Amino acid sequence: CLSKPSDFNEDTIRNYYSEPNYDFYFTNELDKLRNEKRYREFVDIERIAGQFPEAVWHSSEGERKVTVWCSNDYLGMGQNPAVIEAMVSTARRNGVGAGGTRNISGNSHPIVALEREIASLHNKEAALVFSSGYVSNQAAISTIARLIRNCLIISDAGNHNSIIEGIRQSGCDKVIFRHNDLDHLELILRGAKDRAKIVVFESVYSMDGDVAPIADICRLARRYGAMTYLDEIHAVGMYGARGAGIAEAEGVEDLIDILEGTLAKAFGVVGGYIAASSSIVDVVRSCAPSFIFTSALPPASAAAATASIRHLKISEQERAAQKRQVAKVKSMLTKANLPVVDNGTHIVPVLVREAQACKSAADRLLDKHGIYIQPINYPTVPKGLERLRITPSPLHSDAQILTLVDALEEVWTTLGLKRTAWQAAAE
Ligand code: PMP
């Protein structure tokens, strides 16, 4: 849980019970989450390969067919036949587990091949794969910054929790610059002229779907002698001629010192990575505890990720079809006067702006319309900016888009939800 334990009087508890009632600590916290309408419920969804975005919902009343509109398997690659075949055939050949950490018998040829593929995708000397994108940020940032003497980490205010954890674990000084604000960034860089520094930021921000001015940030960082660390988790596979991300699309890969990505979203599998110079990759490999002391990715997952990267490197089809469906969804939602956030990416946030209403909207979409969209509440987004985050894929049909828009319209009207535009909400 991200919040501190609630303040209740421990003496009262100890006096009341003859022995400490440890469970009280946990139930108390859960009650607090429920009261604040932040208690998380997971929907029991089963994706059926070959049928996405349709899936089976195992509800209390039995199985129901639903349409998924919130998957981060953005391009449906988790069901791509070549990717599935790579995973299945590698599992048959190599077995299902890695057999240990990379140091102790867990290294495998499919992981080595995957790292070569990633390095080549991003035009970097080397790459290193981790068990998730979360771990890659936390491990790489904490290790790299810790090794640089007197390093200042300059971090965008919108950065993901995995980045924040990496910064915290580095023990380095940090300064936060206002989200995507070049003037503020420059002010901080100018004030830290005489020391080592890393600017850490993302390309596509996952909740608003806005994009960082990567080229400008990199040029500023260069001017003031800072290293750059870019999280492209929501962009790899999706943007650029070979699916290498926004840095590729803008032709600024060379200005990024460390590029971080995931294999779990557009590539449809699991795992995270960094791509950088040989010495950076080698030092993270050699010194990051959360790389060293954990079991490696299974060879079959690595082989599936390689197949997915190779496919998206040469196939424009998924990206093009997705762009078309995203444009249709955005334009139809706007016409229906629903409060969709305007951005230039594949992420379609529709603001509800209140936690309970957001949950009620998601429940009604699922129950009445067979549409699955997970509500996004605090702390994933700030209070007052709760939302439904819609992610159209190339596999959503025009008929499914029509059903989605009609269903949202019905839910907004029935629940009397606000239709306030983004600008007003952002203030
Ligand atoms: N960085 C960002 C910006 C993210 O949004 C996420 C997860 N949504 C991660 C890192 C972690 O990636 P993964 O799911 O591969 O652990």
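Residues numbered from 1 in each chain as written. Predicted model: local features only at pLDDT ≥ 70, side-chain atom pairs only at ≥ 80, totals over all residues. Heavy atoms only, no water.

### Quick notes on the sheet that holds strand β14 (residues 387-390)
The sheet built from three strands is open, its strands ordered β11-β14-β13 with antiparallel pairing. Of all strands in the sheet, those bounded by a partner on one side alone are β11 (348-351) and β13 (375-376). Where β11 meets β14, four bridges bridge the pair, whose relative direction is antiparallel. By the bridge assignment for β14, Val350 is matched with Leu388. Sitting on the sheet, helix α14 (residues 317-335) is in contact with β11 and β14, with an inclination near 20° to β11. (Pairing = 2+ DSSP bridges. Helix = DSSP H or I, 4+ residues; strand = E, 2+ residues; numbered from the N terminus. Contact = heavy atoms within 4.5 Å. Axes fitted to C-alpha atoms, helices over the stretch in contact; angles between N-to-C directions.)

### Focus: the layout of surface pockets
Taken as a whole, the second largest pocket holds about 190 Å³ of empty space. In this structure, the second largest pocket is lined by Gly50, Phe52, Leu75, Gly76, Met77, Gln79, Asn80, Gln317, Glu318, Ala321, Pro394 and Leu395. Counted by class, the lining of the second largest pocket contains six nonpolar, five polar and one charged residues. (1 Å grid on protein atoms, 1.4 Å probe; cavity = no way out; pocket = protein on both sides within 12 Å on 5 of 7 lines; lining within 4 Å. Points joined across faces, edges and corners; volume = space filled by probe spheres on them. Nonpolar A, V, L, I, M, F, W, Y, C, P; charged D, E, K, R; others polar.)

### Structural notes on the environment of Arg168
Summarising the element assignment, Arg168 is placed in helix α7 (residues 161-170). Judged by its relative accessible area of 56%, Arg168 falls in the exposed class. Considered as a pair, Arg168 and Phe267 are 99 residues apart in the sequence and their alpha carbons are 29 Å apart. Within the structure, the side chain of Arg168 is placed 2.7 Å from the side chain of Glu165, a separation counted as a polar contact. (Buried < 20%, exposed > 50% of the residue type's maximum accessible area, 1.4 Å probe, protein only. Polar contact = N/O pair within 3.5 Å; in protein donor to acceptor, adjacent residues only side chain to side chain.)

### Looking at the state of the cysteines
Applying the stated criterion to the full structure yields zero disulfides. No disulfide involves Cys70; its sulfur sits 12 Å from the nearest other cysteine sulfur, which is in Cys358. Summary of cysteine pairing: Cys172 is not part of a disulfide, and the nearest cysteine sulfur, belonging to Cys151, is at 5.0 Å. The class of Cys172 is buried, set by a relative accessible area of 17%. (Disulfide = S-S within 2.5 Å.)

### Considering unusual backbone geometry
That bond from Phe52 to Pro53 is cis: its omega, 15°, falls within 30 degrees of zero. Within the secondary structure, Pro53 is located in the loop between β1 (45-47) and β2 (54-59). Going from Tyr378 to Pro379, the amide bond is cis rather than trans, its omega being 10°. Along the chain, Pro379 falls in the loop between β13 and β14. One non-glycine residue with positive phi stands out, namely Lys37, at about 60°. Tracing the chain through its elements places Lys37 in the loop between α2 (22-35) and β1. Residue classification places Lys37 among the partly exposed residues on the basis of a relative accessible area of 39%. Residue Asn337 is not a glycine yet carries a positive backbone phi of 60°. Here Asn337 lies in the loop between α14 and β11.

### Considering the site of the ligand
Around the ligand lies a shell formed by Ser132, Gly133, Tyr134, Asn137, His160, Ser162, Glu202, Asp231, Ile233, His234, Thr262 and Lys265. One of the side-chain nitrogen or oxygen atoms of His234 is found 2.6 Å away from an oxygen atom of the ligand. Protein contact buries 84% of the 390 Å² of open area that the ligand shows by itself. The greatest single-element share of the shell around the ligand, amounting to three residues, is contributed by helix α6 (residues 133-147). (Near = heavy atom within 4 Å. Areas by Shrake-Rupley, 256 points an atom, 1.4 Å probe, with all protein chains shown as cover.)

### Quick look at the nonpolar core
When a protein is soluble and globular, its nonpolar side chains tend to lie buried together. Among the nonpolar cores identified, the biggest contains 60 residues, and Ile118, Val199, Phe201, Ile214, Leu263 and Tyr273 are the most heavily contacted of them. Leave out the neighbours within four places in its chain, and Ile118 touches Ala127, Val129, Leu263, Tyr273, Ala275 and Ile309. Counting residues in each nonpolar core, the second largest holds 35 residues, with Phe52, Val68, Val340 and Val405 among its members. (Core = buried A, V, L, I, M, F, W, Y, C linked by side-chain atoms within 4.5 Å.)

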